[in-house]
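What follows is each chain in one-letter form.
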Amino acid sequence: MSADTVEQLLQCALSELTARYVTQANPVPAGLLEALDADPRAGAQALARRIRSRQEKNRAEGQRLRRLLRYETELWAQGHTHIAGVDEAGMAPLAGPVVAAAAVLPKGFKLKGLDDSKKILDADKREALAVAIKREAVAWAVGRAEVEEIDRINIYHAGLLAMRRAVEGLAVKPDHLLVDARTVPECSVPQQGIIKGDALSLSIAAASILAKTTRDRWMTELDARYPGYGLAAHKGYPTPHHLQALKEKGVLPIHRRSFAPVREALGLPTTPSPDARQAELFPAAEPRTAVKS
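Residues numbered from 1 in each chain as written. Predicted model: local features only at pLDDT ≥ 70, side-chain atom pairs only at ≥ 80, totals over all residues. Heavy atoms only, no water.

What follows covers the side chain of Asp-180. Examined against the element boundaries, Asp-180 turns out to sit in strand β4 (residues 176-180). Look at Asp-180: it is buried, it has no salt bridge, and the nearest opposite charge is Lys-118 at 5.2 Å. Within polar-contact distance, the side chain of Asp-180 engages the backbone nitrogen of Gly-197 at 2.8 Å. The contact partners of Asp-180, leaving out residues within four places of it in the chain, are Val-86, Asp-87, Met-163, Ile-194, Lys-196, Gly-197, Asp-198 and Ile-204. (Helix = DSSP H or I, 4+ residues; strand = E, 2+ residues; numbered from the N terminus. Buried < 20%, exposed > 50% of the residue type's maximum accessible area, 1.4 Å probe, protein only. Lys, Arg positive; Asp, Glu negative; His and termini not counted. Salt bridge = Lys/Arg side-chain N within 4 Å of Asp/Glu carboxyl O. Polar contact = N/O pair within 3.5 Å; in protein donor to acceptor, adjacent residues only side chain to side chain. Contact = heavy atoms within 4.5 Å.)

Written out as structure tokens, the structure reads:
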């Protein structure tokens, strides 16, 4: 931005000032707001209000992001350098893998709009945030547990397995883990489980975005392989459309046999017996490794 004086700026069209200080969010020169307030043009006074509103929103977002870094800030102050947030996506769907992600953010990291993936309903915004996280993170990785593993060890333990794979996939060994609601088993790294951590920790929120966008992308790919089930739209969740397709079209290899609606579609008891033979439902499958950063 050129070093225009307030007097020179007031000679500019209001549309140009709006572009500079509202759309582009450039720093506002000292005295400009007061000059716009004193300007007899109603549009100039309205512009001053819009700029102040943007500034207030920016301050509120900055405060929100600082609050989301409180766990990380405490750990950084204790000398920890690489703090990994860990979260998963896809516990409730009837189809597809459960996916977890781990993200190590740089000290003091802030990304406008970053939040728990469940609060961000716009898929394009989630993807844009995921791109920014991958670009700025010290390290990131995703891990998954397959349908066969979900049915063999149950969805809860499969989610933990995906988390462990994500942590093991990090290119940088973390000093500490912040995990949404749980702790990662068979992991020697010190860790802390935080209830609703994806809404309280920026690192966990980043992991939730990576896990969600990665899983959604895989489910869209599966939709192309198995058309007619609506996988790209509902991502495997038990929506009415999915349940109807399951009833009419039958069970796919990617459906979770340990989930009641799938078992019902197969004509099996809705609660599997503890000694049910997995081999009768699935062929042996090689475990998937983590996708590293």
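Back to the text.
Glancing now at helix α8 (residues 155-168). Between its terminal C-alpha atoms α8 stretches 20 Å, which fits the 20 Å expected from 14 residues at 1.5 Å a residue. Of all 14 residues making up α8, 11 are buried, and the element is well covered by its neighbours. All of the buried residues in α8 are Ile-155, Ala-158, Gly-159, Leu-160, Leu-161, Ala-162, Met-163, Arg-164, Arg-165, Ala-166 and Val-167. Those residues of α8 that are buried are in contact with β1 (83-89), β2 (98-104), β3 (139-145), α7 (147-153) and β4. (Expected span 1.5 Å × (residues − 1).)

Any empty space left between atoms is shown by rolling a water-sized probe over those atoms. Its volume calculated, the largest pocket comes out at about 420 Å³. Surrounding the largest pocket, 21 residues form its lining, Asp-87, Glu-88, Ser-117, Lys-118 and Asp-198 being those nearest its centre. Counting residues per element, the ones that place at least two in the lining of the largest pocket are β1 and α9 (202-225). The dominant element in the lining of the largest pocket, judged by the number of residues it contributes, is α9, at four residues. (1 Å grid on protein atoms, 1.4 Å probe; cavity = no way out; pocket = protein on both sides within 12 Å on 5 of 7 lines; lining within 4 Å. Points joined across faces, edges and corners; volume = space filled by probe spheres on them.)

Counting 34 residues, the largest nonpolar core has Leu-114, Ile-133 and Leu-202 as its most contacted members. Mapped onto this core, the elements with two or more residues apiece are α4 (42-68), α5 (70-77), β1, β2, α6 (123-136), β3 and α9. Per-element tally for this core: the top contributor is α9, with nine residues. Sequence-distant contacts of Leu-114, defined by excluding residues within four places in its chain, comprise Arg-64, Leu-65, Leu-68, Phe-109, Leu-129, Ile-133, Leu-202, Ala-205, Ala-206 and Ile-209. (Core = buried A, V, L, I, M, F, W, Y, C linked by side-chain atoms within 4.5 Å.)

For the structure on display, the rule yields zero aromatic pairs. Taking NZ or CZ as reference, Arg-144 lies 4.2 Å from the ring centre of Trp-218, over its face. (Phe/Tyr/Trp six-rings, centres within 6.5 Å; stacked < 30°, edge-to-face > 60°. Lys NZ or Arg CZ within 6 Å of the ring centre and 35° of its normal.)

Following the UniProt record, one finds the feature "binding site: a divalent metal cation" (unreviewed entry) at Asp-87, Glu-88 and Asp-180. The annotated residues occupy 94 residues of the chain but converge on a single region, no pair of C-alpha atoms lying more than 8.2 Å apart. Cross-referencing the annotated residues with the largest pocket identifies Asp-87, Glu-88 and Asp-180 as lining it. Note that Asp-87 resides in strand β1. Setting aside anything within four residues of it in sequence, one finds Asp-87 in contact with Val-99, Ala-100, Ala-101, Met-163, Asp-180, Asp-198, Ile-204, Ala-207, Ser-208 and Ala-211. (UniProt positions renumbered as here; feature names shortened; annotations may be inferred.)

With that out of the way, let us pick up the domain arrangement of the protein chain. Per the domain assignment, the segments making up the protein chain are domain 1 (7-67) and domain 2 (80-266). Relative placement of domain 1 and domain 2: their C-alpha centres are 40 Å apart. Contact residues are listed per partner, giving six residues for domain 1 and eight residues for domain 2. Regarding the contact of domain 1 and domain 2, the summed buried area is about 500 Å², with carbon and sulfur atoms giving 49% of it. Its largest share of buried area at the contact with domain 2, domain 1 owes to Glu-61, Arg-64 and Leu-65, together 73% of the area lost on that side. Across the contact surface, domain 1 and domain 2 share one salt bridge. Linking Asp-115 and Arg-64 is a salt bridge whose minimum nitrogen-to-oxygen distance equals 3.5 Å. (Domains from an automatic or database assignment. Buried area = accessible area lost by both parts, 1.4 Å probe.)

This part covers the pattern of salt bridges. Evaluation of the coordinates by the stated rule reveals 16 salt bridges. Notably, a salt bridge pairs Asp-116 with Lys-118, separated by 3.3 Å at the nearest N-O pair. By relative accessible area, which is 4% here, Asp-116 ends up buried. In this structure Lys-118 comes out as exposed when scored by relative accessible area, which is 58%. Salt bridges sharing partners connect three or more residues here, namely Glu-61, Arg-64 and Asp-115.

Along the chain, Ser-117 turns up in the loop between β2 and α6. Setting aside residues no more than four positions away along its own chain, Ser-117 makes contact with Arg-126, Ser-208, Ile-209 and Lys-212.

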